[in-house]
Amino acid sequence: MPYDVVWRTGANEPTTFSTTSDIKIAGENRPAGTYSLWTRPSRQSWSVILNKNIPDWGVSILSGGKETNRVPKEDVVEIEIPTEQTAETIENFTIDFDMQNQLYMLISWDRTLIKVPISK
């Protein structure tokens, strides 16, 4: 995928992010619920987007998979997260969580890592 284009973050259907309590993502309040996860990678940072709409498929079949089915007016948060370079190559695209001084959602692939801060 090219830089500066919105990705359906995951394979086939967009990844969903669910929380049973209200949270803050990078300081932005989000009520409990389920959201679709989208990203717009660039060289120095990634935009992380949570969207209220959860489409059956993440891309348009008519576009040959080049256009997402994201409905931008349903975005509830979009934050810019700086990228970090990893010491080793991460072969498989990975979403994980890590508790350091606070909770982070980690998104990593190739030699790139972003840490999305999550708090109550």
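Small disclaimer: the values here were computed from a predicted structure and weren't measured.

(A) Representation of the pairing of strand β5 (residues 33-41) in the model. With two bridges joining them, strand β1 (residues 7-8) and β5 adopt antiparallel strand pairing. Residue tryptophan 7 lies in a different strand from β5, and its bridge partner there is threonine 39. Bridging between strand β2 (residues 16-19) and β5 involves four bridges; their strand directions are antiparallel. Considered in β5, the bridge of threonine 16 is made with serine 36. Two strands pair when backbone bridges link them, and β5 and strand β6 (residues 45-51) are joined in this way by six bridges, in the antiparallel orientation.

(B) View of the layout of surface pockets. Computed from the structure, the second largest pocket encloses a volume of approximately 180 Å³. Here the lining of the second largest pocket takes three residues from strand β9 (residues 103-119), the largest share from any one element.

(C) The arrangement of the sheet that holds strand β8 (residues 84-99) in detail. Read across the open sheet, the four strands follow the order β4-β3-β9-β8; overall the sheet is antiparallel. Two strands close off the open sheet at either side, each with one partner strand: β4 (28-30) and β8. Neighbour to neighbour, the strand axes of the sheet diverge by 35° on average, direction disregarded. Taken together, the three bridges between strand β3 (residues 23-25) and β4 define a ladder with antiparallel strand orientation. Bridge assignment links isoleucine 23 to a residue of β4, and that residue is arginine 30.

(D) Spatial organisation of the packing of aromatic side chains. Applying the stated criterion across every chain, the model contains four aromatic pairs. Note on phenylalanine 93 and tryptophan 109: the rings are 6.3 Å apart at their centroids and 85° apart in plane angle, and the pair reads as edge-to-face. Remark: tryptophan 109 occurs in strand β9 and phenylalanine 93 occurs in strand β8; sequence separation between them is 16 residues. On the accessibility criterion, phenylalanine 93 (29% relative accessible area) is partly exposed. The structure contains a cluster of three or more aromatic residues connected by ring pairs, namely Trp7, Trp46, Phe93 and Trp109.

What counts as what
Residues numbered from 1 in each chain as written. Predicted model: local features only at pLDDT ≥ 70, side-chain atom pairs only at ≥ 80, totals over all residues. Heavy atoms only, no water. Pairing = 2+ DSSP bridges. Helix = DSSP H or I, 4+ residues; strand = E, 2+ residues; numbered from the N terminus. 1 Å grid on protein atoms, 1.4 Å probe; cavity = no way out; pocket = protein on both sides within 12 Å on 5 of 7 lines; lining within 4 Å. Points joined across faces, edges and corners; volume = space filled by probe spheres on them. Axes fitted to C-alpha atoms, helices over the stretch in contact; angles between N-to-C directions. Phe/Tyr/Trp six-rings, centres within 6.5 Å; stacked < 30°, edge-to-face > 60°. Buried < 20%, exposed > 50% of the residue type's maximum accessible area, 1.4 Å probe, protein only.

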